Amino acid sequence: MRSPIPGLGRVMVFLAAALASASLAIPEGWGEEGVQYGLVGTEVTLLCSGARPGSMVQWRRGGTAELPEGSAIRQGALVLPRAGLATMGTYSCHGEDGGLLHTVSLRMGYLPGVPFVSCRASDYENFSCSWTSSVETFLPTRYITTYRKKSLTGEEKRRNKNGHVGLCLQDPSHPGTCTVHGSEFWSSYRLNITEVNPLGSSFRLLDVTMQAIIKPDPPEGLVVEPVPLAPRRLHVSWKYPSSWPKEPHFQLRFRLQYRPVIHRSWSVVETVNLSEVITDAFAGLEHVVQVSAKDFLDAGNWSEWSAEARATPVRDLATTTSEETTTDASLESLAEEPSQAPNPEPINRSDPLEKMAVLVSLGIFAFFVLAAVLVITILIWLRVRKHGKEKTKPHNFLVAATHLKALPKAQIL
């Protein structure tokens, strides 16, 4: 028989398992012996375990008889109504003769809140989750971290009767994080992060899809070098992050950003290679370069930017003298008004390749202009010539007619 609400049964079973695991995982002792915990705003009762039933006892706080306002002694126990953070301290009970019978340290706090959880995969084989508490409880706190694969194959269901619930492993050197090893890139997982303190527990369920949370670590080994005899070029190279396994089916693509140190705006290019040549650098100015990475098929997010690397393009010998005469004021003006174009116009314009390209462009332009003028001239000449011929035809006809009229009549007969 199927559940009237699809998936409701699974959710209820999973929630029950989470609560059961949380209750079982709460340790019996949360601190040193003799510590009692209380919920802020509730009534707290401190027992005098060394007193005989019905005997008179005295309670002291911090060695003095001054107790919190509204406190009362009932059958040898100290009752603190509406206890708060100010109620915390060390309490002791004494017999009629003043002898010490029992000591207890009271710590007040709050129930755990639902933790904030986020997950990230730095490669396609593992993912990690981190969390922070949503409530400052003022009490010692521990976390239970488990996961379950959402879609199981028939074989996996036969091998894992419990739905493949596993531990998200916590690293003591990195508190607030856990890692799932050997995850599958095309699978989805449900994380259960349970926060537990001496007063109770609370948990967060989070569905995770590997393709959505993958975010590589920044590329490593970034090197920037000037290119000899090329004042506008810098050669940039880098390596895959060491955390990304070398696998031909899971490649990365890269994003390179660079700018002169005196500019505020970045130029950005993308590439699939492990090196790139910047062709529009400012000659003689130090540049800062960074690179980030992303899954080749655009899954997930871009990595953080790598550490900065800096280099200065070589100076052009032909313009070194003129550049040295540039005043400090002009450089300050350049820094205050940076170019907003993606590829700023370089200061050095004496690149031989650029000069050659300009000359070739001018030559081609002049050739087309001359050809156009020649064609227009020929067309005008042909039209004038044709018009001249048509204009001379009536004159010749009149001359012939006059000649015939002047002939003698005898000749005509």
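Residues numbered from 1 in each chain as written. Predicted model: local features only at pLDDT ≥ 70, side-chain atom pairs only at ≥ 80, totals over all residues. Heavy atoms only, no water.

Two faces belong to every sheet, and in a regular strand the side chains alternate between them. Here strand E17 (residues 234-239) shows one buried face, formed by Leu 234, Val 236 and Trp 238, and one open face, formed by His 235, Ser 237 and Lys 239. Here five bridges tie strand E16 (residues 220-226) to E17, and the two strands are oriented antiparallel to one another. From the neighbouring strand, Pro 226 faces E17, where its bridge partner is Leu 234. Pairing of E17 with strand E20 (residues 275-278) involves four bridges; the strand directions are antiparallel. Paired with Ser 237 across the strands is Ser 275, a residue of E20. (Buried < 20%, exposed > 50% of the residue type's maximum accessible area, 1.4 Å probe, protein only. Helix = DSSP H or I, 4+ residues; strand = E, 2+ residues; numbered from the N terminus. Pairing = 2+ DSSP bridges.)

This part takes up the sheet that holds strand E2 (residues 44-46). Reading across from one edge, E2-E5-E4 is the order of the three strands in this open sheet, with antiparallel pairing throughout. Every other strand in the sheet has two partners, leaving E2 and strand E4 (72-74) as the edge strands with one partner each. Each adjacent strand pair in this sheet contributes to an overall mean axis angle of 30°, direction not counted. With three bridges connecting them, E2 and strand E5 (residues 77-80) associate as antiparallel partners. Bridge pairing in E5 places Thr 45 opposite Val 79. (Axes fitted to C-alpha atoms, helices over the stretch in contact; angles between N-to-C directions.)

Looking now at the pattern of salt bridges. Side chains that carry opposite charge are capable of pairing whenever their charged atoms lie near each other. One pass over the structure, following the stated rule, counts ten salt bridges. Among the ionic pairs, Glu 184 bridges to Lys 149, the shortest N-O distance being 2.8 Å. With Glu 184 in the loop between strand E13 (177-181) and strand E14 (188-197) and Lys 149 in strand E10 (residues 142-149), the pair connects residues that are 35 residues apart, well separated along the chain. Note on Glu 184: relative accessible area 37%, which makes it partly exposed. Residue Lys 149 is classed as buried on the basis of its relative accessible area of 6%. As a salt-bridge pair, Arg 310 and Glu 286 come within 3.9 Å of each other at their nearest N and O atoms. With Arg 310 in strand E22 (residues 309-311) and Glu 286 in the loop between E20 and strand E21 (287-295), this pair connects stretches of sequence that are 24 residues apart. Judged by its relative accessible area of 46%, Arg 310 falls in the partly exposed class. Overlapping salt bridges bring together Arg 253, Glu 270, Lys 294 and Asp 298 as one network. (Salt bridge = Lys/Arg side-chain N within 4 Å of Asp/Glu carboxyl O.)

To continue, consider the confidence of the model for the protein. Confidence in the prediction of the protein, expressed as mean pLDDT, is 80, and 73% of residues score 70 or more. pLDDT under 50 marks residues 1-28. Its contacts with residues more than four places away, or in other chains, come to 17 contacts. When the criterion is pLDDT under 50, residues 397-413 qualifies, and its contacts beyond four places in sequence or with other chains add up to one contact. (pLDDT = per-residue confidence, 0-100. Contact = heavy atoms within 4.5 Å.)

A separate point is a nonpolar patch on the surface. Where nonpolar side chains cluster on the molecular surface, the patch consists of Leu 85, Met 88, Tyr 110, Val 135 and Phe 138 and spans about 360 Å² of accessible area. Mapped onto the secondary structure, Met 88 falls in the loop between E5 and strand E6 (89-94). (Patch = residues over 30% accessible without salt bridge, like charges linked within 9 Å, V, L, I, M, F, W, Y side chains within 5 Å. Areas by Shrake-Rupley, 256 points an atom, 1.4 Å probe, with all protein chains shown as cover.)

Within the largest apolar cluster, 39 residues are counted, with the highest numbers of intra-cluster contacts made by Phe 127, Leu 191, Val 236 and Ile 278. Residue contributions to this core peak at four residues, all from strand E18 (residues 252-260). Residues in contact with Ile 278, not counting those within four places in the same chain, are Arg 232, Arg 233, Leu 234, Val 236, Leu 256, Tyr 258 and Val 289. If you look at the next biggest cluster of nonpolar residues, it comprises 13 residues, including Cys 48, Val 104, Leu 106 and Met 108. (Core = buried A, V, L, I, M, F, W, Y, C linked by side-chain atoms within 4.5 Å.)

On to the environment of Gln 170, then. Inspection of the secondary structure assignment puts Gln 170 in strand E12 (residues 169-170). For Gln 170, the side chain forms a polar contact with the main-chain oxygen of Tyr 143, separated by 2.9 Å. (Polar contact = N/O pair within 3.5 Å; in protein donor to acceptor, adjacent residues only side chain to side chain.)

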